[in-house]
Amino acid sequence: MNYILKNSRVYSVDTGEFSDRDLYITDGRISDRAGPESLTMDLSGKFIYPGFVDSHAHLIGTGLEKMAVDLRNCRSMEDLRSRLQIESHLVRARGWDQETLGFLPERRILDRITSQPAVLVRRCGHVATVNSAVIDRFSLEALDGLDETDIETGVIKERALERLNSIVKLAPEEVEEAIRRGSVEFLKYGVTCVHSDDLHGMELETLVESLKRIDNIRVFEKIAVERPDQLSMVSMARNGETRFFKVIAAKIYLDGSLGARTAAMKEPYSDSPRETGVLYMDCETLKSIVERADREGIQLCIHVIGDRSLEEALKAFHGSRALELKHRLIHVQIASPEEIHRIADLGLTASIQPVFFDSDAHIAPGRFGEARIKNAYPFRRMRDAGIRMALSTDSPVESPSVLPNLVSADRFFQRRDSLEMYTKAGYCLANREERGSLLPGDEADFFVSSVNLLDGMGEAESEITFVDGKIVYHTANRQLYTK
Ligand SMILES: [Zn+2]
C-alpha cells in the first residue's frame, strides 16, 4: 500500500523544526511524489516524527513482563498474596521493589503464600526470589554462593539468575508471544527500532528463529556473551538477519543494578557498608573479549553501572578499536570528571537512561552517599566532553514510553538534542546509516501524534505508527484521518 499523508507537520532532527508538508510513502520508503494507487489520509495538522530508536532495551523481556504476574507498586503482604493467587505450573512474576514492598519477598515468606513453584524477579531484572518448590524442582542448591546468591533465603542474584533462567527455559511459543506483545509496547509510543538484548533463558537458535519472523518493528540485536569464544554466536546469529532483524553487537554484563546493590562500586554502599556490589569478570577476561571483538570487527556493548565496573571497562578498552567500532558503555550511573575524559579520549559511545534519575531518586542519595552523589548521572558532563550518546529506557526496567524519558532528559539536555539522541544517534551507535528527517529514499518508519514533543509533558502515545511503509500500530480512531 502507498500513502499520501496530507496536512502534516513533519519534524526534522537535522533542522530541529517542523515543516508543513505532505508526506509520500511509496514501496516502503519516503518518496518525493505520490506513488501509484496511493491512499490519501488527512492528518489535519497533526505532527509526524521519525520513528524513535530505543538504544538499549529488552524486547522479549518487555513482552514477558506483560505475560508475567505484575508486581510493580506491590505494597504489602496481602497485596503480594492476592497477586500470586493464580493457577500455573510455574508462577513467573516481575516488578517488585523491596523499598516499595516494605520487605524482601524471600523463600519462607513465599512458602507461606504459595506451594506452586514461583519465581519473583525484582524490577531491575538482576535479582529474584524463589520459593522451596522451585529450589526442589530445579535442584538449585548448586547456585548457592554465586554472586552472593543465598539458597537458604531463596535470593538469586546476577549470574545465578541467568543460570536459573537457562534451566527454566522459555518454550519457542512463549518467545514468539513475548515478541508479539513486546513489539506493541514499543510501537504504541512511536519506537520503531529497538537495540535489544534478548539471549536470556533460551537457546540462540530459538532466539534467531523467532527474530527472523519479525516484520513490524526493526530489531538491532545484541548477543549476550561471557567469554571470548562465545563471540562466534554473533556471526551465527547474523545468518538469520532480515530487513527487520540485524545483529549489531555483543553485550557484556560487568555488574548488576543500583537498586539491588549489585552495581560494582570502588567503595562500599553508603547505606550498606558491607556491600560493594558484584563484578562479573576481571579485567583480563574482559580484555580478552575486547581483543577478539576487535579482531573480528564486532561492537561491544558493556553494562556498567558502578564506578568499579567503569574502571575495569576503561582499562580493558585501552588501545582498542573503540573509535572505529563505536564500542559502547550502557548505563554509566556514576563517573568522575577524570573518568569522563577517559571515556571521551577512548572514543567510547554510551546508551543512557535519563528516566533512571527520577525513578532512582528515592534510593540514589542513600546508595552513593553525599561525597559521591555529585558524580552520579553525569550525562550533561558526558555530552559536554563530546561523548556520542543515545537515549534508551532499558524496558522492561522502565516503561518504553518516550515522553517521560524526554522530560527526565530535560534536566541534562535541550529537548531538540534529546530528540536527536532518540533517533539519529540510535542509528549512529549501531554503525548504520543515520537518518531522522524523513527525506525521499529513507525507510518509511515514523509515527503520527497530536503532541508537540518539543515542549510536551506527561504521556504521549502514537496515533499511527508506520514501519517499512506499513501501518503497524494505530489507535481505534484511525478511520477519522482517512479520506
Ligand atoms: Zn538492560
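Everything numeric here is computed off the predicted structure, so don't read it as measured data.

Asker: Honestly, the overall build of the protein chain in this entry has me stumped. Any pointers?
Answerer: A tally of regular secondary structure across the protein chain gives 20 helices and 20 strands. Taken against the 2.2 N^0.38 rule, which gives 23 Å for 483 residues, the C-alpha radius of gyration of the protein chain at 22 Å falls within 12% of a compact globule. The C-alpha extent of the protein chain, read off along each of the three principal axes, is 65 × 55 × 45 Å.

Asker: What's the story with the nonpolar core in this structure? I'm lost.
Answerer: Side chains that are nonpolar tend, in soluble globular proteins, to be buried together. Counting 114 residues, the largest nonpolar core has Ile-48, Val-194, Ala-250, Leu-254, Leu-300, Ile-302 and Leu-329 as its most contacted members. Ranked by the residues each element gives to this core, the list is headed by strand S13 (residues 245–253), at seven residues. Taken domain by domain, this core gets at least three of its residues from each of domain 1 (2–51 + 438–481) and domain 3 (172–429). Beyond its immediate sequence surroundings of up to four residues, Leu-254 is in contact with Leu-279, Tyr-280, Met-281, Ile-302, His-303, Val-304, Ser-309, Glu-312 and Ala-313. Core analysis: the second largest hydrophobic core is formed by 25 residues, Cys-74, Val-134, Leu-140 and Leu-143 among them.

Asker: Is there a simple way to explain the sheet that holds strand S4 (residues 38–50) in this structure?
Answerer: Whether parallel or antiparallel, the strands of a sheet pair through hydrogen bonds between backbone atoms. Pairing in this open sheet of seven strands is mixed, and the strands run S3-S2-S1-S4-S18-S19-S20 from one edge to the other. The sheet is open, and its two edges are formed by strand S3 (29–31) and strand S20 (470–474), each paired on a single side. For this sheet, the mean inter-axis angle between neighbouring strands, taken without regard to orientation, is 40°. Relative to S4, strand S1 (residues 2–12) runs parallel, the two being bridged by eight bridges. Following the sheet pairing, Val-10 is matched in S4 by Ile-48.

Asker: Explain the sheet that holds strand S5 (residues 52–57) here, please?
Answerer: Reading across from one edge, S5-S11-S12-S13-S14-S15-S16-S17 is the order of the eight strands in this open sheet, with parallel pairing throughout. Taken across any chain shown, the strands that pair with only one partner, and hence form the sheet edges, are S5 and strand S17 (389–391). Taken over all neighbouring pairs, the strand axes of this sheet differ in orientation by 25° on average, direction set aside. Inspection of the sheet shows strand S11 (residues 191–197) paired to strand S12 (residues 218–224) by five bridges, in the parallel sense. When the sheet's bridge partners are listed, Ser-196 is paired in S12 with Glu-221.

Asker: Would you mind going over the domain arrangement of the protein chain with me for this structure?
Answerer: Often, the extent of an interface is quoted as the loss of accessible area upon association of its parts. When its domains are assigned, the protein chain resolves into domain 1 (2–51 + 438–481), domain 2 (68–167) and domain 3 (172–429). With centres defined by C-alpha atoms, the gap from domain 2 to domain 3 works out at 25 Å. Taken together, the 16 residues of domain 2 in the interface contact twelve residues of domain 3. Top element by residues in the side of domain 2 that touches domain 3 is helix H6 (residues 158–167). It accounts for five residues. Looking at the side of domain 2 that touches domain 3 residue by residue, the class counts come to two nonpolar, four polar and ten charged.

Asker: Teacher, can you tell me more about the pairing of strand S14 (residues 299–304) here?
Answerer: For a regular strand, the rule is simple: side chains alternate between the two faces of the sheet. In terms of burial, S14 is a largely internal element, six of the six residues being buried. Residues Gln-299, Cys-301 and His-303 point to one face of S14 and Leu-300, Ile-302 and Val-304 to the other, with burial holding for every one of them. Of the strand pairs in this sheet, S13 and S14 are connected by five bridges, and their pairing is parallel. Across the sheet, residue Ala-250 finds its bridge partner in S14, namely Leu-300. For the crossover from S13 across helix H10 (residues 283–296) to S14, the handedness is right-handed. Relative to strand S15 (residues 328–331), S14 runs parallel, the two sharing four bridges. Bridge pairing links Ile-302 to Leu-329 in S15.

Asker: Looking at this structure, I do not really get unusual backbone geometry. What am I missing?
Answerer: Negative phi values dominate among residues other than glycine, just as trans dominates among peptide bonds. Between Ser-395 and Pro-396 the backbone carries a cis peptide bond, its omega angle lying at 15°. As for its position among the elements, Pro-396 is in the loop between S17 and helix H18 (402–409). Notably, Val-332 is not glycine yet its phi reads approximately 50°, a positive angle. Mapping Val-332 onto the fold places it in the loop between S15 and helix H13 (337–346). Assessed through the 30 C-beta atoms surrounding it within 10 Å, Val-332 is described here as buried.

Asker: What is the right way to read the confidence of the model for the protein chain from this model?
Answerer: The predicted coordinates ought not to be read in detail in places where the model reports low pLDDT. Taken over all residues, the pLDDT of the protein chain has a mean of 95, while the share at 70 or more is 99%. Across residues 478–483, where pLDDT falls below 50, the model places eight contacts with residues more than four positions away in sequence or in other chains.

Asker: Please explain the pairing of S4 as it appears in this structure.
Answerer: Inspection of the sheet shows S4 paired to strand S18 (residues 446–449) by four bridges, in the antiparallel sense. Its bridge partner being in S18, Ile-48 is matched across the sheet by Val-448.

Asker: Quick question: what am I supposed to make of the environment of Asn-239 here?
Answerer: On the secondary structure map, Asn-239 appears in the loop between helix H9 (232–238) and S13. Using a count of 9 C-beta atoms within 10 Å as the deciding quantity, one classes Asn-239 as exposed. Considering only alpha carbons, one finds Asn-239 and Thr-276, 37 residues apart in sequence, at a separation of 41 Å.

Asker: How do you make sense of the packing of helix H11 (residues 307–317) against H13 when you look at a structure like this?
Answerer: Axis separation between H11 and H13 bottoms out at 11 Å; the angle between their running directions is 30°. Classified by the interaxial angle, the pair formed by H11 and H13 is roughly parallel. In terms of crossing hand, the pair formed by H11 and H13 is left-handed. From H11, Leu-310, Leu-314 and Phe-317 reach across to H13, where they touch Glu-339, Arg-342, Ile-343 and Leu-346. Considering only residue class, the contact of H11 with H13 consists of five nonpolar, no polar and two charged.

Asker: Help me out: how do you make sense of the environment of Ala-361 in this one?
Answerer: If you trace the backbone, Ala-361 turns up in the loop between helix H14 (355–359) and helix H15 (364–368). For the pair Ala-361 and Ser-288, spaced 73 residues apart in sequence, the C-alpha separation works out to 36 Å.

Procedures and definitions
For every chain, the first residue of its written sequence is number 1, and the numbers climb from 1 along that sequence. In view of the model being predicted, local features appear only for residues whose pLDDT reaches at least 70, and side-chain atom pairs are presented and counted only at 80 or more, with totals across whole chains, interfaces and linings using the full set of residues. Secondary structure elements are taken from DSSP: a helix is a run of H or I of four residues or more, a strand is a run of E of two residues or more, and numbering for both begins at the N terminus. The quantity called the radius of gyration is restricted to C-alpha atoms. Its globule counterpart is 2.2 Å times the number of residues to the power 0.38. For this analysis, nonpolar core means a set of buried Ala, Val, Leu, Ile, Met, Phe, Trp, Tyr and Cys residues linked through C-beta atoms within 7 Å. Residue burial here comes from a neighbour count, namely the number of other C-beta atoms, placed from the backbone, that lie within 10 Å of the residue's own C-beta, with 20 or more meaning buried, 12 or fewer meaning exposed, and in between meaning partly exposed. Note: domain ranges come from an automatic or database domain assignment. C-beta atoms are placed from the backbone for every residue, and two residues are taken to be in contact when these atoms lie within 7 Å. Note on pairing: DSSP must find at least two bridges between two strands before they are called paired. Lines fitted to C-alpha atoms define the axes here, with helix axes fitted over just the stretch in contact, and angles between the N-to-C directions of these axes take values from 0 to 180 degrees. Gly counts as polar in this scheme, as do all residues outside two lists: the nonpolar Ala, Val, Leu, Ile, Met, Phe, Trp, Tyr, Cys and Pro, and the charged Asp, Glu, Lys and Arg. Crossover handedness is defined by viewing with both strands directed away from the observer: a clockwise path from the first strand over the helix to the second marks the crossover as right-handed. pLDDT gives the predictor's per-residue confidence on a scale running from 0 to 100. Reported orientations rely on four angle classes, namely roughly parallel under 35 degrees, roughly antiparallel over 145, roughly perpendicular from 65 to 115, and oblique for the rest. Put simply, a crossing is left-handed when the front helix is turned counterclockwise from the back one by less than a right angle, and right-handed when it is turned clockwise.

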